[in-house]
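Analysis of the macromolecular model
Residue-level listing of the chains:
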Amino acid sequence: MDKARLNDDQLIEKIRAKKRELGSQLIILTHHYQRKAIVGLGDFVGDSFELARKAAADRECRYIVFCGVHFMAESAAVLAKPHQVVQIPDEEAGCWMADMADSETVKSAFEQLESLAGKGSTIPVVYMNSDAGLKAFCGDHGGLVCTSSNAEKALKWAFGKGEKVLFFPDRHLGHNTGHDLGLAPEEMVVWSPDKPFGGNDPDALRRARLVLWDGYCLVHSRFTCEHIEEKRAEFPGAKIIVHPECTREVVAMADASGSTSRIEKFVREAPAGSTIIIGTEINFIERLASEYPDKKVLDLHRSLCPNMFKINLGKLSDTLENLGEMNVVRVDEEIKASARVALDRMLALV
Ligand code: 13P
Ligand code: SF4
């Protein structure tokens, strides 16, 4: 069959045939933001924590094809067994937020904080949305990785080890979690990576408990309080749930917030006939609307993640035709070992 001429139905059939041929040798992991057709072909759909756990748990398969963004596939490669190969259908599927922090600037921030507060004072906590080098930094400096579904546990763990936490790269997830843990606004400061002491007064930094890297997600920081006001006026009985990558103001106005799987559960458990308005990625919301036709599932505002959208049926099919070869996710062994320490600390959180 000429690949250029295959339509979606033919590509789906080709992918299914490959899956039948490979059986338990292959596992396709898909994030909730993937296109509906990709989710339909996956063996497992989940939030970034569940996908990491799944990658760590599977011992049998040989090939893990990760339909998500690069940092997720990279984490799977860190957690995979030595005989397993992790591939991503499009290597260009990155994450804007993950690109907002790099090892050199984070190291410099950490050293500046330690110079003010003393060695061992600061525990680095990195959001999953980051490259493996930053996870390795946390593994080497007594810190850990977190996702939106376990950020509260991760911060509690970190505050049990040091007086301050340097949280990167998502300032909003950090702020929302710090608020939920009862930190006062003056105990949280934002660190601008291009300024000395992150643009803060050294005394304010000495007092701060949670130092928030000035990174954010462009898909989620687009939602505003006005969007919530407008939707509440239009749908008075509706429940509004947003992802914690949204700003503190938006999360405070919503009825609930949580990871993508928490959002899925919220919709699943809502009574039939109810209206649920969601502040997160649009492909996910549209899939939920089609999966729960007995409920009205609407977006707070249309916001698409172009990175997640890069993966399509053609690229998935190509990857499956080139297992073990195409777009293999490779991580330097030294970085892998240290990143694994930080990921394992997250997986061990109870
Ligand atoms: P989840 O961990 O909630 O799936 O979120 C990942 C993400 O990138 C959200 O933008
Ligand atoms: Fe990254 Fe935002 Fe896309 Fe999530 S939605 S993958 S944080 S750019």
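Refer to the structure above for everything that follows.
This one's a predicted model, so the numbers in the text were calculated from it and none came from an experiment.

**Notes on the nonpolar core**
- Core analysis: the biggest nonpolar cluster contains 108 residues, and V86, F167, L210, I278 and L316 have the highest contact counts within it.
- At seven residues, helix α4 (residues 70–79) tops the list of elements feeding residues into this core.
- When residues no more than four places from it in sequence are discounted, the contact partners of L210 are L155, F159, V165, F167, G174, G178, L183, E187, M188 and V189.
- F235, V242, C246 and L300 belong to the second-largest nonpolar core, a separate cluster that totals 13 residues.

**Looking at the pairing of strand β9 (residues 210–213)**
- Of the two faces of β9, the one lined by L210 and L212 and the one lined by V211 and W213 are each fully buried.
- In terms of strand pairing, strand β7 (residues 164–168) meets β9 through three bridges, oriented parallel. Note that in β9 the partner of F167 across the bridge is L212.
- Of the strand pairs in this sheet, strand β8 (residues 188–191) and β9 are connected by four bridges, and their pairing is parallel. Among the inter-strand pairings, V190 is bridged to a residue of β9, identified as L212.
- Since β8 and β9 lie parallel, the crossover through helix α9 (residues 202–207) that links them has a hand, and here it is right-handed.

**Quick look at the site of ligand 2**
- Around ligand 2 sit Y33, V69, C95, W96, N129, C217, V219, H220, E245, C305 and N307, and those are all the residues in its vicinity.
- Within the shell around ligand 2, the residues separate by chemical class into seven nonpolar, three polar and one charged.

**Examining the site of ligand 1**
- In the vicinity of ligand 1, the contacting residues are H31, Y33, D47, S48, M72, N129, S148, H220, H243, E245, S259 and T260.
- Between ligand 1 and the protein, one listed contact pairs an oxygen atom with a side-chain N or O atom of H31 at 2.6 Å.
- Between ligand 1 and H243, the relevant distance is 2.8 Å, taken from an oxygen atom to a side-chain nitrogen or oxygen of the residue.
- In isolation ligand 1 offers 300 Å² of accessible surface; the protein chains occlude 96% of this area.
- For ligand 1, the cavity whose grid points lie within 2 Å of the majority of its atoms is the largest cavity.
- Residues that form the shell around ligand 1 fall into these classes: two nonpolar, eight polar and two charged.

The rules behind the values
- Residues numbered from 1 in each chain as written.
- Chains lettered and ligands numbered in written order.
- Predicted model: local features only at pLDDT ≥ 70, side-chain atom pairs only at ≥ 80, totals over all residues.
- Heavy atoms only, no water.
- Core = buried A, V, L, I, M, F, W, Y, C linked by side-chain atoms within 4.5 Å.
- Buried < 20%, exposed > 50% of the residue type's maximum accessible area, 1.4 Å probe, protein only.
- Helix = DSSP H or I, 4+ residues; strand = E, 2+ residues; numbered from the N terminus.
- Contact = heavy atoms within 4.5 Å.
- Pairing = 2+ DSSP bridges.
- Right-handed = clockwise from strand over helix to strand, strands pointing away.
- Near = heavy atom within 4 Å.
- Nonpolar A, V, L, I, M, F, W, Y, C, P; charged D, E, K, R; others polar.
- Polar contact = N/O pair within 3.5 Å; in protein donor to acceptor, adjacent residues only side chain to side chain.
- Areas by Shrake-Rupley, 256 points an atom, 1.4 Å probe, with all protein chains shown as cover.
- 1 Å grid on protein atoms, 1.4 Å probe; cavity = no way out; pocket = protein on both sides within 12 Å on 5 of 7 lines; lining within 4 Å.
- Sits in = over half its atoms within 2 Å of the grid points.

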